[in-house]
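Descriptive structure summary
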Amino acid sequence: MSQEVEIVKKYRFEAAHYLPNVPEGHKCRRMHGHSFRFELVLRGPVEPDTGWLIDFGDISKVVKPLIENHLDHYLLNEVEGLENPTSEQISIWLWNRIKPHLSALSEVVVHETCTARCIYRGPGDS
Ligand SMILES: [Zn+2]
């Protein structure tokens, strides 16, 4: 009998952005920064030998280069694929770059502020 688990790993980065498509006068149109945080949820069976789903270190091997080379202390608007860097677009951007390496990825949660976050669970069926 396989035991299905869900593990969660949290990361953070500091970055600037502005939202080019919001109406003139909207505060998000001005350049500003956030202490972004995001969580990756991975779901799958516990491997009998190791006793875990995946080594947390193996998640970081995929994610840390993304953060260091593209996100942390960058202006997100200048990152390829993040020309309109809403939390939604950042979630999808992360999913598209992490999922091919970590097939157990089931959820990306991007926190833009303490009270606002976006959850992406991959492309829908429709
Ligand atoms: Zn913002």
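Structural data are supplied above this passage.
Below is a summary of the structure that appears in this document.

1. Re the nonpolar core
One finds Phe38, Leu40, Leu42, Ile59, Val63, Leu94 and Ile98 to be the most contacted residues of the largest nonpolar core, which totals 29 residues. Going through the elements one at a time, strand S1 (4-17), strand S2 (32-45), helix H1 (56-71), helix H2 (87-98) and strand S4 (105-111) are the ones with two or more residues in this core. Look past the residues within four positions of Phe38 in its chain and what remains in contact with it is Lys9, Lys10, Tyr11, Phe13, Val63, Ile67, Leu94, Val109 and Val110.

2. Remarks on the coordination of the zinc ion
Ideal values differ by geometry: the angle at a metal is 109.5 degrees with four tetrahedral donors, but 90 or 180 degrees with six octahedral donors. Looking at the zinc ion, the protein donor atoms are His17 (NE2), His32 (NE2) and His34 (NE2), and they sit 2.0 to 2.1 Å from it. Read in sequence order, the donor residues for the zinc ion give the motif H-x14-H-x1-H. Of this pair, His17 sits in strand S1 while His34 sits in strand S2; the two residues are 17 residues apart in sequence, bridging distant segments of the chain. Taken as a pair, His17 and His34 share a single burial class, namely buried.

3. Notes on the pairing of strand S5 (residues 117-120)
Burial along S5 is one-sided: Cys118 and Tyr120 are buried, and none of Arg117 and Ile119, which face the opposite way, are. Sheet topology note: the S4/S5 ladder contains four bridges and is antiparallel. In the sheet register, Val110 faces S5, and the bridge partner there is Cys118. Here S4 hands over to S5 after five residues, the two strands then running antiparallel side by side.

4. Here we look at the packing of H1 against H2
Axis separation between H1 and H2 bottoms out at 11 Å; the angle between their running directions is 130°. Overall, the two elements H1 and H2 adopt an arrangement that is oblique. Crossing handedness for the pair H1 and H2: right-handed. Contacts from Val62, Val63, Leu66, His70 and Leu71 in H1 reach Trp93, Leu94, Arg97 and Ile98 in H2. Its residues placed into classes, the contact of H1 with H2 shows seven nonpolar, one polar and one charged.

5. Structural notes on the packing of aromatic side chains
According to the stated counting rule, one finds four aromatic pairs in the structure shown. Centre to centre, the rings of Trp95 and Tyr120 are 5.6 Å apart; their planes meet at 80°, and the pair counts as edge-to-face. With a gap of 25 residues between them, Trp95 in helix H2 and Tyr120 in strand S5 connect regions that are remote in the sequence. Like Tyr120, Trp95 is buried. An aromatic cluster of at least three residues, connected via ring pairs, comprises Tyr11, Phe13, Phe36 and Phe38. One Lys or Arg, Lys9, reaches over the ring of Tyr11 and ends 5.3 Å from the middle of that ring.

The rules behind the values
- Residues numbered from 1 in each chain as written.
- Predicted model: local features only at pLDDT ≥ 70, side-chain atom pairs only at ≥ 80, totals over all residues.
- Heavy atoms only, no water.
- Core = buried A, V, L, I, M, F, W, Y, C linked by side-chain atoms within 4.5 Å.
- Buried < 20%, exposed > 50% of the residue type's maximum accessible area, 1.4 Å probe, protein only.
- Helix = DSSP H or I, 4+ residues; strand = E, 2+ residues; numbered from the N terminus.
- Contact = heavy atoms within 4.5 Å.
- Donors = N, O, S within 2.8 Å, 3.2 Å for Na, K, Ca; no water.
- Pairing = 2+ DSSP bridges.
- Axes fitted to C-alpha atoms, helices over the stretch in contact; angles between N-to-C directions.
- Parallel < 35°, antiparallel > 145°, perpendicular 65-115°, else oblique.
- Left-handed = near helix turned anticlockwise from the far one by under 90°.
- Nonpolar A, V, L, I, M, F, W, Y, C, P; charged D, E, K, R; others polar.
- Phe/Tyr/Trp six-rings, centres within 6.5 Å; stacked < 30°, edge-to-face > 60°.
- Lys NZ or Arg CZ within 6 Å of the ring centre and 35° of its normal.

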